[in-house]
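Next come the chains, spelled out residue by residue.
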Amino acid sequence: MDAYLPYLLTMLGHLLPQLLATIAVLVLLWSWAPVAPGRAHALSGASIMVAGCVLRGIAAGIQAWLTFGTASAMALMPLLAGVNILFSVMEAVGVVLLGWGAVKAMQAARGIA
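These lines cover the structure that appears in this document, whether it is placed above or below. Just so it is clear, the structure is predicted and the values come from calculations on it, not from any experiment. (Residues numbered from 1 in each chain as written. Predicted model: local features only at pLDDT ≥ 70, side-chain atom pairs only at ≥ 80, totals over all residues. Heavy atoms only, no water.)

The end-to-end C-alpha distance of helix 1 (residues 4-31), which contains 28 residues, comes to 39 Å, matching closely the 40 Å that a straight helix rising 1.5 Å per residue would cover. Helix geometry: helix 1 is bent most strongly at L15, by close to 35°, with proline P17 lying one to four residues after it. Regarding helix 1, the residues found buried are L8, L15, T22 and L29. Where helix 1 is buried, its residues touch helix 2 (39-67) and helix 3 (77-110). (Helix = DSSP H or I, 4+ residues; strand = E, 2+ residues; numbered from the N terminus. Expected span 1.5 Å × (residues − 1). Bend = angle between axes of the 7 residues up to and from the residue. Buried < 20%, exposed > 50% of the residue type's maximum accessible area, 1.4 Å probe, protein only. Contact = heavy atoms within 4.5 Å.)

Take a nonpolar patch on the surface next. Together, V54, L55, I58, I62 and W65 give the surface a local cluster of nonpolar side chains, amounting to about 450 Å² of exposed area. Inspection of the secondary structure puts I62 in helix 2. (Patch = residues over 30% accessible without salt bridge, like charges linked within 9 Å, V, L, I, M, F, W, Y side chains within 5 Å. Areas by Shrake-Rupley, 256 points an atom, 1.4 Å probe, with all protein chains shown as cover. Salt bridge = Lys/Arg side-chain N within 4 Å of Asp/Glu carboxyl O.)

Turning next to the nonpolar core. Core analysis: the largest hydrophobic core is formed by six residues, namely A59, L66, A73, M77, L80 and F87. Listing elements by their share of this core, those giving two or more residues are helix 2 and helix 3. Among the elements that take part in this core, helix 3 stands out by supplying three residues, more than any other. Setting aside residues no more than four positions away along its own chain, L80 makes contact with A59, I62, Q63 and L66. (Core = buried A, V, L, I, M, F, W, Y, C linked by side-chain atoms within 4.5 Å.)

Another aspect to go through is the side chain of E91. Counting through the fold element by element, E91 comes out in helix 3. Apart from residues lying up to four places away in sequence, E91 is in contact with Q18, M49, G52, C53 and R56.

Opposite charge on two side chains lets them pair, provided their charged atoms get close. Tallying each qualifying case throughout the model produces one salt bridge. A salt bridge links E91 to R56; the nearest nitrogen and oxygen atoms lie 2.7 Å apart. Residue E91 is located in helix 3, and its partner R56 is located in helix 2; the two are separated by 35 residues in the primary sequence. R56 shares its class with E91; the two are buried.

Moving on, we come to the environment of A73. Structurally, A73 is set in the loop between helix 2 and helix 3. Once the C-alpha coordinates of A73 and M49 are considered, the two residues, 24 residues apart in sequence, prove to be 29 Å apart.

Looking at the secondary structure, you find N84 in helix 3. When near neighbours in sequence (up to four residues on either side) are disregarded, N84 contacts R56, A59 and Q63.

This part covers the packing of helix 2 against helix 3. Where helix 2 meets helix 3, the axes come as close as 7 Å, and the angle between the chain directions of the two elements is 165°. Relative to helix 3, the element helix 2 lies roughly antiparallel. Note that helix 2 runs across helix 3; the crossing there is left-handed. Of the residues that constitute the contact of helix 2 with helix 3, the class distribution is 17 nonpolar, nine polar and three charged. (Axes fitted to C-alpha atoms, helices over the stretch in contact; angles between N-to-C directions. Parallel < 35°, antiparallel > 145°, perpendicular 65-115°, else oblique. Left-handed = near helix turned anticlockwise from the far one by under 90°. Nonpolar A, V, L, I, M, F, W, Y, C, P; charged D, E, K, R; others polar.)

Structure follows, in structure tokens:
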């Protein structure tokens, strides 16, 4: 259990840049982007990405706890791997929504939509 904290901090350190970037995008969209077509999609996408990153951080904490826990808890590791895949898919959906919102806003600016 001595290596639990450094391991946990390393896992969370890998998520920190993505979390900070997605929060920055969310703040920019929320505060500076005018109400326009695509803004709701972009806000939804950024929110989903922030939620996915936070949930993946929680999953990383649980994984670290299981890694340094008892051997019987190791049976949950495949389940946790599946949960991490779901969080990755969730973040991918967020990126698609963010892109969709950007495309809609650009089309509206050109008068296409």
